[in-house]
Amino acid sequence: MLNYRQLHYFWAVAKTGSIARASEQLNLTPQTISGQISLFEQTWNLELFQRVGRQLELTETGRQALAYAEQMFQIGGELEAMLRAGPQEQILFRVGVADVVPKSIVYRLLAPTMELDEVLRISCREDKLERLLADLAIQRLDLVISDSPMPNHLDIKGYSQKLGECGLSFFATPSLAERLKQPFPACLDDAPLLIPGQETVLRSRLLRWLAEQQVQPRIVGEFDDSALMQAFGQSGSGIFVAPSVIAEEVCRQYSVRLIGQTEAVNESFYAISVERKVKHPGILAITEGARRELFHW
């Protein structure tokens, strides 16, 4: 069995950078912390720190142990917060968001959870889809929001619910839009275009549609993060795309013009959970709100 107190002392030293600072933080003597870490190393026959001059540096084993300790004490902090809040007062809702999903879509999907009778505390984390699904499998997350369903090649138990789909809209700053002389989509030919990155489902659909329209824009940027793509678009770097369901919001937020739309390129959004029959009030609020209010199924 791990000695979690000793692991906590190691974690504190690794985070603060020295035994002296950790002792101040934990209100313990440096000798106590040093002795307990030594016992931990002896028990497992390993070395967590090495001394370089007057500084302590993590060994490779120490760096690996720190990554696990970080996760363990983060979960411990969440447990402590839940216990302090009381079992009937607050429900923790842990949501993972694939980094390719537009932030405006995420907000509108999560908004209905704020209106529930149950008091939810949302913990929202953005990452690559496969890492989020790995955390979903070990119940570190309650839900993953993605632009694709559960991949077939992953050996992870999970169920995908389609929240909705919509077409694609194209935007440009007023100065760039004025330089586009032809109607849409011919105006895209030889125009600077910002496109989603290779991690996205949308990218291949968009490129295929452009080829079908026989237009060849100049691709000047590729972005996995839609917010970063929109920031470049706002600066005038190129035309950019976003789901049509948030077209008005994009125009208002980034002071850009809508130059065209197509329903031939669809972007879909999914809620992935470990429950076939969803019971969590937060997930139910998201799925019902998406279908009734956002995508109008």
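Placed above this text is the structure.
Rules used throughout
Residues numbered from 1 in each chain as written. Predicted model: local features only at pLDDT ≥ 70, side-chain atom pairs only at ≥ 80, totals over all residues. Heavy atoms only, no water. Phe/Tyr/Trp six-rings, centres within 6.5 Å; stacked < 30°, edge-to-face > 60°. Helix = DSSP H or I, 4+ residues; strand = E, 2+ residues; numbered from the N terminus. Buried < 20%, exposed > 50% of the residue type's maximum accessible area, 1.4 Å probe, protein only. Core = buried A, V, L, I, M, F, W, Y, C linked by side-chain atoms within 4.5 Å. Contact = heavy atoms within 4.5 Å. Arc of directions from axis to C-beta. Polar contact = N/O pair within 3.5 Å; in protein donor to acceptor, adjacent residues only side chain to side chain. Salt bridge = Lys/Arg side-chain N within 4 Å of Asp/Glu carboxyl O. Axes fitted to C-alpha atoms, helices over the stretch in contact; angles between N-to-C directions. Parallel < 35°, antiparallel > 145°, perpendicular 65-115°, else oblique. Left-handed = near helix turned anticlockwise from the far one by under 90°. Nonpolar A, V, L, I, M, F, W, Y, C, P; charged D, E, K, R; others polar. Pairing = 2+ DSSP bridges.

(A) Expanded view of the packing of aromatic side chains. The tally for this structure, following the rule as stated, stands at nine aromatic pairs. Where Phe170 meets Trp209, the ring centres are 5.7 Å apart and the plane angle is 35°; that geometry is what we call tilted. Remark: Trp209 occurs in helix H8 (residues 202-212) and Phe170 occurs in strand E6 (residues 159-172); sequence separation between them is 39 residues. Of the two residues, Phe170 and Trp209, both sit in the buried class. Arranged with centres 6.0 Å apart and planes meeting at 25°, the rings of Phe184 and Trp209 form a pair that is stacked. With Phe184 in the loop between helix H7 (174-178) and strand E7 (192-196) and Trp209 in helix H8, this residue pair connects regions lying 25 residues apart in the sequence. Among the aromatic residues, those joined into a ring-pair cluster are Phe170, Phe184 and Trp209.

(B) Spotlight on the nonpolar core. Formed by 64 residues in total, the largest nonpolar core has its most connected members in Val101, Leu109, Leu133, Phe170, Leu188 and Ile239. A per-element tally of this core places E6 first, with six residues. Among residues more than four places away in sequence, those in contact with Leu109 are Ile145, Leu163, Ile286, Ala290, Leu294 and Phe295. Residues Tyr9, Ile19, Phe40 and Leu66 belong to the second largest nonpolar core, which totals 15 residues.

(C) Helix H9 (residues 226-234), seen in detail. Three or more residues of H9 are buried, namely Ser226, Met229, Gln230 and Gly233. Take H9 and look down its axis: the buried residues cluster within an arc of 100°, on one side only. Among the structural elements, helix H5 (103-110), E7, strand E8 (218-223), strand E9 (240-243) and helix H10 (247-254) are those in contact with the buried residues of H9. Regarding H9, its N-cap is Asp225, as a side-chain oxygen of that residue lies 2.8 Å from the backbone nitrogen of Ala227 further along. Gly236 sits one or two residues past H9 and shows a positive phi near 95°.

(D) Highlighting the pattern of salt bridges. Under the counting rule described, the total for this entry stands at 16 salt bridges. Lys128 is the salt-bridge partner of Asp99, the closest N and O atoms lying 3.1 Å from each other. On the criterion of sequence distance, the pair formed by Asp99 in the loop between strand E3 (91-98) and H5 and Lys128 in the loop between strand E4 (120-127) and helix H6 (129-137) is long-range, its members being 29 residues apart. Accessibility expressed as a relative area gives 15% for Asp99, which makes it buried. Residue Lys128 is classed as partly exposed on the basis of its relative accessible area of 26%. The partner of Arg140 in a salt bridge is Asp135, with the nearest N and O atoms 3.9 Å apart. In this structure Asp135 comes out as buried when scored by relative accessible area, which is 13%. Salt bridges linked by common partners bring Arg125, Asp127, Arg131, Asp135 and Arg140 together as one network.

(E) Region of interest: the packing of helix H1 (residues 4-16) against helix H2 (residues 19-26). Taken N-terminus to C-terminus, the directions of H1 and H2 make an angle of 120°; their axes are 8 Å apart at the nearest point. The angle between H1 and H2 falls in the class oblique. Of the two elements, H1 crosses H2, and the hand of that crossing is right-handed. Of the residues in H2, those in contact with His8, Tyr9, Ala12, Val13 and Thr16 of H1 are Ile19, Arg21, Ala22, Gln25 and Leu26. The class makeup of the residues in the contact of H1 with H2 is six nonpolar, three polar and one charged.

(F) Seen up close, the sheet that holds E9. Strand order in the open sheet formed by six strands is E4-E3-E5-E10-E6-E9, and the pairing between neighbours is mixed. Because the sheet does not close on itself, it has two edges, and the strands there are E4 and E9. Strand-to-strand twist in this sheet, taken as the mean axis angle between neighbours without regard to direction, amounts to 25°. Here strand E5 (residues 143-146) pairs with strand E10 (residues 257-273) via three bridges, running antiparallel. Across the sheet, the residue bridging to Val144 is Ile272, located in E10.

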